[in-house]
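Residue-level structure breakdown
For reference, the chains in residue letters:
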Amino acid sequence: MYLIETEDNVGFLTASYIKNRIETFVSTKSKPYFVLALPTGGTSVDLYRNLVKFHQEGLSFDKVVTFNLDEYVGLPENHPESYHSFMAKNFFDHIKIQKEQINILNGNAADLYKECANYEEKIKNYGGIDLLIGGIGQNGHIAFNEPESAFDSSTRVVNLTSNTIAANARFFNNDISLVPTRALTVGLGTIMNAKEVIIMATGPKKAQALYHAFEDKQSTAWPVTVLQKHPRTFIIADKAAAAEISKTTKQNYGLCSFIN
């Protein structure tokens, strides 16, 4: 696990790395598609803005298949706060990519458990996730893997914690009663099976979670700690998010050459 502490260009750095990986993949043609797992949330908005800019400058998504990490249960896909809508508004409506190359969990499926199993199987059929991008919650959750999620969990139905519901109320006119209480999410085991992982973290509210990620032992109380055993994880954080990590730890985990 590597720490990359930066000023305020978390989205640009992450987008640049994705661009590098896609272009390297296309040049080697090792398999039909590069499999990219994508997040939602406020931290990712700048990521998508930069990816759209790179696309306008020539970055092709013709050989990219995407899998989103999660979706609310019971929220219509056309609801402005569904993750289907978020991805269309911030990314997919602005790039050239075939619809069949886009995969987002269906939170309105007749059989949610079958939906999750099929999603997991589809990831495997594409050869697994090449690069997974995620954010981190204040309680250390990745995607919707809340505290006490099993480290070997796969894509599944989850109940959201009161903390996560409260944090997401800002997207629902600050009305907690409007926030869905369940979601579909890829599991921590699914994330650990990705060949590479990037976690983006910005702002002081993420500082405690990053402290546990780097300074604490593995514990399901802080889901992000599962990544301590991942062979190739980058955590890109601004100075506010990395504020509670000790100077010694930053020196031990820091990585100078990221893009190249």
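Criteria and cut-off values
Residues numbered from 1 in each chain as written. Predicted model: local features only at pLDDT ≥ 70, side-chain atom pairs only at ≥ 80, totals over all residues. Heavy atoms only, no water. Helix = DSSP H or I, 4+ residues; strand = E, 2+ residues; numbered from the N terminus. Rg over C-alpha atoms; globule rule 2.2 N^0.38 Å. Buried < 20%, exposed > 50% of the residue type's maximum accessible area, 1.4 Å probe, protein only. 1 Å grid on protein atoms, 1.4 Å probe; cavity = no way out; pocket = protein on both sides within 12 Å on 5 of 7 lines; lining within 4 Å. Points joined across faces, edges and corners; volume = space filled by probe spheres on them. Nonpolar A, V, L, I, M, F, W, Y, C, P; charged D, E, K, R; others polar. Phe/Tyr/Trp six-rings, centres within 6.5 Å; stacked < 30°, edge-to-face > 60°. Lys NZ or Arg CZ within 6 Å of the ring centre and 35° of its normal. Pairing = 2+ DSSP bridges. Contact = heavy atoms within 4.5 Å. Axes fitted to C-alpha atoms, helices over the stretch in contact; angles between N-to-C directions. Expected span 1.5 Å × (residues − 1).

Helix and strand counts for the chain come out as eight helices and 10 strands. Against the globule reference of 18 Å for 260 residues, the chain gives a C-alpha radius of gyration of 17 Å, in line with a compact fold. Projected onto the principal axes, the alpha-carbon positions of the chain cover approximately 50 × 45 × 35 Å. Split into buried and exposed, the 260 residues of the chain put 53% on the buried side.

Here we take up the layout of surface pockets. What the largest pocket holds in volume is close to 880 Å³. Surrounding the largest pocket, 39 residues form its lining, G41, G42, N168, R170 and F171 being those nearest its centre. Top element by residues in the lining of the largest pocket is helix α3 (residues 83-90). It accounts for five residues. Approximately 160 Å³ is the volume attributed to the second largest pocket. Of the residues assigned to the lining of the second largest pocket, the class counts are three nonpolar, two polar and two charged.

As a further point, take the packing of aromatic side chains. By the definition in use, this model includes 16 aromatic pairs. With centroids separated by 5.0 Å and ring planes inclined at 25°, the aromatic side chains of Y48 and F91 adopt a geometry described as stacked. Highlighted residues: Y48 in helix α2 (residues 44-56) and F91 in the loop between α3 and β5 (102-103), separated in sequence by 43 residues. Y48 sits in the buried class, given a relative accessible area of 0%. Consider the rings of Y72 and F144, whose centres lie 5.7 Å apart with planes at 45°: the pair is tilted. Of this pair, Y72 sits in strand β4 (residues 70-72) while F144 sits in the loop between β6 (131-134) and β7 (156-159), placing them 72 residues apart in sequence. Per residue, the accessibility class of Y72 equals that of F144, and both read buried. Among the aromatic residues, those joined into a ring-pair cluster are Y48, F61, F86, F91 and F92. The ring centre of F54 lies 5.8 Å from the NZ or CZ of K19, which sits over that ring.

With that settled, the discussion passes to the sheet that holds strand β2 (residues 34-38). Backbone-to-backbone hydrogen bonds join strands into a sheet, with any given pair of strands oriented parallel or antiparallel. Read from one edge of the open sheet, seven strands run β1-β10-β9-β6-β2-β3-β5, paired in parallel fashion. Among the strands making up the open sheet, the edge pair consists of β1 (2-6) and β5. Bridge count between strand β3 (residues 64-68) and β5: two bridges; the pairing is parallel. Directly across from T66, in β5, lies its bridge partner I102. The strands touched by helix α4 (residues 112-125) are β3 and β5; relative to β3, the strand with the most contacts, the crossing angle is about 155°.

Across the sheet, which stays open at both edges, the three strands sit in the order β4-β8-β7 with antiparallel pairing between neighbours. Because the sheet does not close on itself, it has two edges, and the strands there are β4 and β7. Geometrically, the sheet is characterised by an average inter-axis angle of 30° between neighbouring strands, direction not taken into account. Note that β7 and strand β8 (residues 182-185) share four bridges and pair antiparallel. Pairing of N159 across the sheet is with R182, part of β8.

Look at helix α1 (residues 10-28): 27 Å from first C-alpha to last across 19 residues, which is about the 27 Å you get at 1.5 Å a residue. Residues of α1 that are buried include every one of V10, G11, L13, T14, A15, S16, Y17, I18, I22 and F25, and no others. Phi turns positive, to about 50°, at K29, one or two residues after α1.

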